[in-house]
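Okay, here's what each chain looks like letter by letter:
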Amino acid sequence: MNQNDRELDEIVRIARAAAAVVMDVYATPFAVEMKGPGDPVTRADREANALICGALEAAFPGEAILAEESVPSAEELAARFRQERVFFVDPLDGTREFADRNGEFAVMIGLAVRGRASLGVVVMPTTGEALAGRAAEGDGGSAFLEAKDGSRRPLRVSSVSAPADAALIVSRSHRPKELEPLIARLGITKVVPCGSVGVKIARIATAEVDLYIHGGGGAKLWDSCAPEAVLRGAGGRFTDLSGAPIDYAGPGLKLGRGIIASNGALQDAVVAAARSELG
């Protein structure tokens with residue numbers, strides 16, 4: 001990775017500042033509200049959202065921002081999707097885990113360029129770790145983990161190539177039953193529960209696990225942009241269930257076609273099984 005990547009360094013700085021806000025709230029009694037069924041929100045979500053959006057506007061004036069806690073009108077959303085560069089912000093990925101105080105939550109800032117995830121930063125507030133990456137055209141790129149003390153090390157995914165040997169990371173709170181036949185078809189027996197999409201993908205990028213499958217549903221583009229860039233930078237792959245790249249150019253925010261994120265070596269076999277099992 002370019003040692004003088006000022007853009008990425010600035011986004012790491014912004015995400016770390018937001019993580020500090022999140023931890024300030026985490027250390028106090030806080031209320032959990034519901035935006036909708038199964039969709040919690042806290043003061044930490046809103047304060048981190050405001051900090052990130054303000055800092056991005058100052059550092060990158062005029063560029064499009066789509067953030068979870070400040071979704072624009074339909075007309076404005078369409079206008080932002082038309083821009084070449086769009087920042088996707090999830091100020092607190094894993095609000096349920098934050099409320100449960102289990103540590104599995106992240107601050108995420110991703111940048112899509114011409115509809116493809118290009119840059120991502122995922123900060124783990126409780127450990128002080130920041131994962132950052134740039135995805136190259138197609139597959140590849142570079143990524144690093146910055147520890148709490150500022151030291152950095154390159155990120156590289158695992159080399160597991162047989163699905164039956166893979167460790168699959170799944171949602172802690174709602175493991176989707178529709179994926180059980182696919183898991184069985186692949187012969188996967190190592191299943192690791194975890195909250196937050198960002199934390200799950202981070203654990204693939206650090207080679208702790210090998211694979212994540214999401215069947216669609218509630219996930220949105222700000223859940224995937226930053227983690228995708230980090231994972232691809234670390235040598236992994238990230239597609240929808242059919243094997244197609246995730247399109248960040250709209251028109252909607254929902255990830256309706258699901259996610260398969262892996263170390264790369266597993267991707268083709270998992271996509272083939274998903275096409276067969278899920279149609």
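Below or above, wherever it landed, is the structure these notes cover. No experiment lies behind these values; they were computed from the predicted model shown.

Some points on the pairing of strand S5 (residues 106-113)
Inference 1: With eight of its eight residues buried, S5 lies for the most part within the structure.
Inference 2: Going residue by residue along S5, you find Ala106, Met108, Gly110 and Ala112 tucked away on one face and Val107, Ile109, Leu111 and Val113 tucked away on the opposite face as well.
Inference 3: Bridge count between S5 and strand S6 (residues 116-124): seven bridges; the pairing is antiparallel. By the bridge assignment, alanine 112 is partnered in S6 with alanine 117.
Inference 4: Hairpin connection, S5 to S6: the antiparallel pair is bridged by two residues, and arginine 114 has positive phi, about 50°.

Details of the side chain of aspartate 90
Inference 1: Here aspartate 90 lies in strand S4 (residues 85-93).
Inference 2: Here aspartate 90 is buried and forms no salt bridge, its nearest opposite-charge partner lysine 35 lying at an N-O distance of 7.7 Å.
Inference 3: A distance of 3.4 Å separates a polar atom in the side chain of aspartate 90 from the backbone nitrogen of aspartate 93.
Inference 4: Among all residues touching aspartate 90, those that are not within four sequence positions of it are Glu68, Ala106, Val107, Met108, Trp222 and Asp223.

Considering the sheet that holds strand S13 (residues 237-239)
Inference 1: Sheet architecture is open: five strands sit in the order S11-S10-S12-S14-S13, paired in mixed fashion. Of all strands in the sheet, those with a lone pairing partner are strand S11 (190-194) and S13, marking the two edges. Going across the sheet, the axis of each strand differs from the next one's by a mean of 20°, ignoring polarity.
Inference 2: Both strand S12 (residues 211-214) and strand S14 (residues 259-262) contribute to a ladder of four bridges, which runs antiparallel. Along S14, the bridge assignment pairs histidine 214 with isoleucine 259.
Inference 3: Contacts from helix H6 (residues 197-205) reach strand S10 (167-171), S11, S12, S13 and S14 within the one sheet, and its direction differs from that of S12 by about 150°.
Inference 4: Packing of helix H8 (residues 267-278) onto the sheet brings it into contact with S12, S13 and S14, and relative to S14 it is tilted by some 155°.

Remarks on the packing of H6 against helix H7 (residues 221-233)
To characterise two packed helices, one gives the angle between the axes of the helices and the distance between these axes.
Inference 1: Interaxial distance between H6 and H7 falls to 9 Å at its minimum, and their mutual angle equals 5°. For the element pair H6 / H7, the angle class is roughly parallel. Listed contacts from H7 to Val197, Gly198, Ile201, Ile204 and Ala205 of H6 are Asp223, Pro227, Val230 and Leu231.
Inference 2: Residue composition of the contact of H6 with H7, grouped by class: seven nonpolar, one polar and one charged.

Side note on the packing of helix H1 (residues 6-26) against helix H2 (residues 43-59)
Inference 1: In the contact formed by H1 and H2, the axes pass within 9 Å of each other and the chain directions differ by 160°. Judged by the inter-axis angle, H1 sits roughly antiparallel to H2. The way H1 lies across H2 gives a crossing that is right-handed. For the pair H1 and H2, contact is made by Glu10, Ile14, Ala17, Ala18, Val21, Val22 and Val25 and by Arg43, Ala44, Glu47, Ala48, Leu51, Ile52, Ala55, Leu56 and Ala59, respectively.

Parameters and conventions
Residues numbered from 1 in each chain as written. Predicted model: local features only at pLDDT ≥ 70, side-chain atom pairs only at ≥ 80, totals over all residues. Heavy atoms only, no water. Buried < 20%, exposed > 50% of the residue type's maximum accessible area, 1.4 Å probe, protein only. Helix = DSSP H or I, 4+ residues; strand = E, 2+ residues; numbered from the N terminus. Pairing = 2+ DSSP bridges. Lys, Arg positive; Asp, Glu negative; His and termini not counted. Salt bridge = Lys/Arg side-chain N within 4 Å of Asp/Glu carboxyl O. Polar contact = N/O pair within 3.5 Å; in protein donor to acceptor, adjacent residues only side chain to side chain. Contact = heavy atoms within 4.5 Å. Axes fitted to C-alpha atoms, helices over the stretch in contact; angles between N-to-C directions. Parallel < 35°, antiparallel > 145°, perpendicular 65-115°, else oblique. Nonpolar A, V, L, I, M, F, W, Y, C, P; charged D, E, K, R; others polar. Left-handed = near helix turned anticlockwise from the far one by under 90°.

Limitation: the analysis is restricted to geometry and does not speak to function.
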